[in-house]
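# Understanding the architecture of this molecule
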Amino acid sequence: MSGGKPSSKRKGVEEYEDASVNTEVEVDVEHEAIFHDHVPIVSYYNDRITPHLDAVDRLRQLQVVNEGIQLPTIVVVGDQSSGKSSVLESLACINLPRGDGICTRVPLIMRLKHHPSLVPEIFLQFNDKTVHTDEAHVADAINLATDEIAGNGKDISNTELTLVVKKNGVPDLTLVDLPGITRVPVHGQPANIYEQIANIIMKYISPDESVILNVLSASVDFSTCESIMMSQKVDKNGERTLAVVTKVDKSPEGLPEKVTRNDVNIGLGYVCVRNRIGNESYEDARKEEAALFATHQLLSKIDKSTVGIQVLAQNLVRIQANIIAKCLPDIVRKIDEKLKKSISELNEMPRRLLSVAEVMAVFTGIIGSSQESLRKILVRGEIDEYPRKKDIHGTARLVEMLNQFSTDLHNCSDHTKDFMMKEIEVLEETKGIQLPNILPHTAILTILQQKVEEISELPIRFVEKVWTYIDGVVISVLDRHSENYHQLKLFIRRAAHELVDKMKDRSIDWVTEIVQMEKETDYTCNPEYMKEWNKLIAQQQAVIDNITKFGYSKVTIDGSREVVVGDLRGHMDVLLQAFDLKTRMIAYWKIVLMRLVDNMALHLQLSIRNLVNKEMKKIVNALLVTDGGVAIERMLEEPPFVASKRERLNTSIKLLRESKEVLANIGDKIECGDL
């Protein structure tokens, strides 16, 4: 018989009939006992071990893995038709879905638990509901649940389905069964079925906490199995990989050598099993398995400590106990750390604003604290709040801009270009019937207007630049103080922009008026004007003589400034007046530029102080009058991303607290490592 069924004709001698082998082997007393006595696969856990497995399963139900905390897990993988379902059926002593193609289309978490009662308790958990079933209908119930999760077709899903089997004689084990690996999609399967399955498998076998149960058919080359290649990617040395070899009765040739040689690094060893055939009972299947490994000419050579479902169950129980003992203390630590972090994040979030009074209290607090920060960086020059953000060091940056403004103004004032030619032109066009040695005031104003016009855009551009910078500083400070209140932050930003724009417009109006004033009038009481003019006019005769008598092409004024003479000799009649006009403008222009820079500095300081000390308060008033108070009502609504984060943190904290409570009852044993 192809299943290795022994003949009952001869006592002490069993005849095993195989497709390739027909032989008789003598069975010793030990093998006889194995053959005749059926020992149920009971749990090897004691009262200290079972609570730990229950705790891990409860953590899995709570989905603590969503918090980034991996659980110790035995993950069952194998190529399609490798006999994976048969192995799981033998462990659970129940029938699982069978058929062509992929039978397992979702991660199936099988929770096996020894049950003292002879009446099994079987139920499914998925999509937040529980469905009870029995041994006769469990396969159908799994199929219906799978269809509900993954659809009625042949698609797969990564949504978990939990099967709880409480039955007398089964080992206390939790296994995660994954879809069988297939490279070629069958009719109705998506073209990328291999990639989908591979992604699910890699997700479960990648964590260091996972033990990989690799199901291999005895008939294949282990090194070419997809499941082996996948497990080697994440467990190169096989330290957490156990292999179970199925269908050994179909391909016994060379099997003892294959499992002994271990070419593919199965660190936790091999277990060879015989698949249940047809309608064999689980008891009969185990008897046949025992006889096969005891009597078969080739398979009997395999070490008895590595054959049979009973040995597989014992190994899995032992491995599960070891990995739980290893991982639980770390899980406790991670849960505690994650809980503290989530609570801290939640506490750092803004409290929900539930009334207009709360909105106004928070709002005025933001404006008040922002005002103090702005006084520090824009008025007092203190940088303690932003030690490394130099762009926020307001007073230093404003001084730099003011110095650059002064430099730009002076660079536009070249007194040596076309020396005295403009003055000569203006004098000739403004002359009147008057005494020849009188300098027309009209000429002075004309030259002044031309010079002011040349620099008139610089002050306006400077003011715009300064207020753009101030706007950035103000928004940066306000953002920092209002970062926990999104709706308030949006309103404050908008109101602050409008406020700074108004201040900028006032400054532009002011500087425009100042420029116009300098253009229309000439006056100073600054003694530097007369001092400079006297110094320059004292050189008048020497310069004129160098031009007219000696014919120099270049002359020096003020002891250092060299100018090109040009066509001045053609205007001998107005040279004296032109030089006088030139020296007056040189002396006066110094005063004008100094006045522009000084006034600009004073104006900006006053404007910034007014902005910080007075104008900022208007933002509060703006909130009260905007849209008839509708703005305040909007502040009471949390933005979606804040509400989502708050909900996520509350959910996380609830889950982690429940997880911590689950582990609290076994805390002492975890700390002691007493499993």
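Here goes a summary of the coordinates provided. Here the structure is a predicted model, which is why all the values come from computation and not from measurement.

### Some points on the overall build of the protein chain
What the protein chain contains, in helices and strands, is 22 helices and 13 strands. Out of the 675 residues in the protein chain, the part that is buried amounts to 49%. Once local pairs closer than 6 in sequence are excluded, the contacts in the protein chain between residues at least 24 apart make up 77%. For the protein chain, the exposed area adds up to about 33,300 Å²; of that, 51% sits on carbon and sulfur atoms.

### Things to note about the packing of aromatic side chains
For the structure shown, the criterion picks out 4 aromatic pairs. Seen from their ring centres, phenylalanine 222 and tyrosine 270 are 6.0 Å apart, and the 25 degrees between their planes marks the pair as stacked. One end of the pair, phenylalanine 222, is in the loop between β9 (210-217) and α6 (226-234); the other, tyrosine 270, is in strand β11 (residues 270-272), with 48 residues separating them in the sequence. You'll find phenylalanine 222 and tyrosine 270 in the same group, each marked buried. Consider the rings of phenylalanine 405 and phenylalanine 462, whose centres lie 4.5 Å apart with planes at 15 degrees: the pair is stacked. Of the two residues, phenylalanine 405 sits in helix α11 (residues 394-411) while phenylalanine 462 sits in helix α14 (residues 457-482), which places them 57 residues apart along the sequence.

### Thoughts on unusual backbone geometry
The backbone phi angle of serine 81 is positive, close to 70 degrees, even though this residue is not glycine. One non-glycine residue, lysine 247, adopts positive backbone phi at about 55 degrees. Of note, lysine 247 is situated in the loop between β10 (241-246) and α7 (255-261).

### Here we look at helix α13 (residues 441-455)
Taking 1.5 Å of rise per residue, 15 residues should cover 21 Å, and α13 covers 22 Å from first to last C-alpha, within 8% of that figure. For α13, every residue scored as buried is listed here: Ala443, Ile444, Leu445, Ile447, Leu448, Lys451, Val452 and Ile455. Along its buried surface, α13 packs onto α11, α12 (421-430), α14, α15 (486-520) and α18 (575-613).

### A closer look at empty space enclosed by the protein
Where empty space is left becomes clear once a probe the size of a water molecule has been rolled over the atoms. Enumeration over the complete set of coordinates arrives at 8 cavities of 30 Å³ or more. If you go around the second largest cavity, the residues you meet are Ser85, Leu96, Pro97, Cys103, Thr104, Arg105, Val106, Leu108, Ile142, Thr146, Leu161 and Asp177.

### Section: the pairing of strand β6 (residues 129-133)
When strand β5 (residues 121-126) meets β6, the two strands line up antiparallel, connected through 5 bridges. Bridge pairing links leucine 124 to valine 131 in β6. Hairpin connection of β5 to β6: 2 residues between the antiparallel strands, including asparagine 127 at a positive phi of 50 degrees.

### Details of the sheet that holds β9
Read across the sheet, 9 strands follow the order β6-β5-β7-β4-β8-β3-β9-β10-β11 without closing on themselves; strand pairing throughout is mixed. Each edge of the open sheet is held by one strand with a lone partner, namely β6 and β11. The average angle at which neighbouring strand axes cross in this sheet is 25 degrees, direction not considered. Here β10 pairs with β11 via 3 bridges, running parallel.

### Considerations on the layout of surface pockets
Empty space within the largest pocket amounts to approximately 620 Å³. Around the largest pocket, the lining comprises 22 residues; the ones closest to its centre are Arg60, Gln61, Gln125, Phe126 and Thr162. Only α2 (50-61), β4 (108-114), β5, β6 and β7 (161-167) provide two or more residues apiece to the lining of the largest pocket. Of the residues that constitute the lining of the largest pocket, the class distribution is 6 nonpolar, 7 polar and 9 charged.

### Section: a negative patch on the surface
Together, Glu498, Asp501, Asp505, Asp509 and Glu513 give the surface a local cluster of negative charge. Mapped onto the elements of the fold, aspartate 505 is located in helix α15. Aspartate 505 sits in the partly exposed class, given a relative accessible area of 43%.

### Digging into the pairing of strand β8 (residues 173-177)
For β8, the tally of buried residues reaches 5 of 5 residues, placing the bulk of the element in the interior. The alternating pattern of β8 places Leu173, Leu175 and Asp177 on one face and Thr174 and Val176 on the opposite face, and all of these are buried. Note that strand β3 (residues 73-78) and β8 share 3 bridges and pair parallel. Bridging across to β8, isoleucine 74 finds its partner in leucine 175. Here β4 pairs with β8 via 5 bridges, running antiparallel. Within β8, the position partnered with isoleucine 109 by the bridge is valine 176.

Reading the values: the criteria
- Residues numbered from 1 in each chain as written.
- Predicted model: local features only at pLDDT ≥ 70, side-chain atom pairs only at ≥ 80, totals over all residues.
- Heavy atoms only, no water.
- Helix = DSSP H or I, 4+ residues; strand = E, 2+ residues; numbered from the N terminus.
- Buried < 20%, exposed > 50% of the residue type's maximum accessible area, 1.4 Å probe, protein only.
- Contact = heavy atoms within 4.5 Å.
- Areas by Shrake-Rupley, 256 points an atom, 1.4 Å probe, with all protein chains shown as cover.
- Phe/Tyr/Trp six-rings, centres within 6.5 Å; stacked < 30°, edge-to-face > 60°.
- Expected span 1.5 Å × (residues − 1).
- 1 Å grid on protein atoms, 1.4 Å probe; cavity = no way out; pocket = protein on both sides within 12 Å on 5 of 7 lines; lining within 4 Å.
- Points joined across faces, edges and corners; volume = space filled by probe spheres on them.
- Pairing = 2+ DSSP bridges.
- Axes fitted to C-alpha atoms, helices over the stretch in contact; angles between N-to-C directions.
- Nonpolar A, V, L, I, M, F, W, Y, C, P; charged D, E, K, R; others polar.
- Patch = residues over 30% accessible without salt bridge, like charges linked within 9 Å, V, L, I, M, F, W, Y side chains within 5 Å.
- Salt bridge = Lys/Arg side-chain N within 4 Å of Asp/Glu carboxyl O.
- Lys, Arg positive; Asp, Glu negative; His and termini not counted.
- Charge placed at Lys NZ, Arg CZ, Asp CG, Glu CD.

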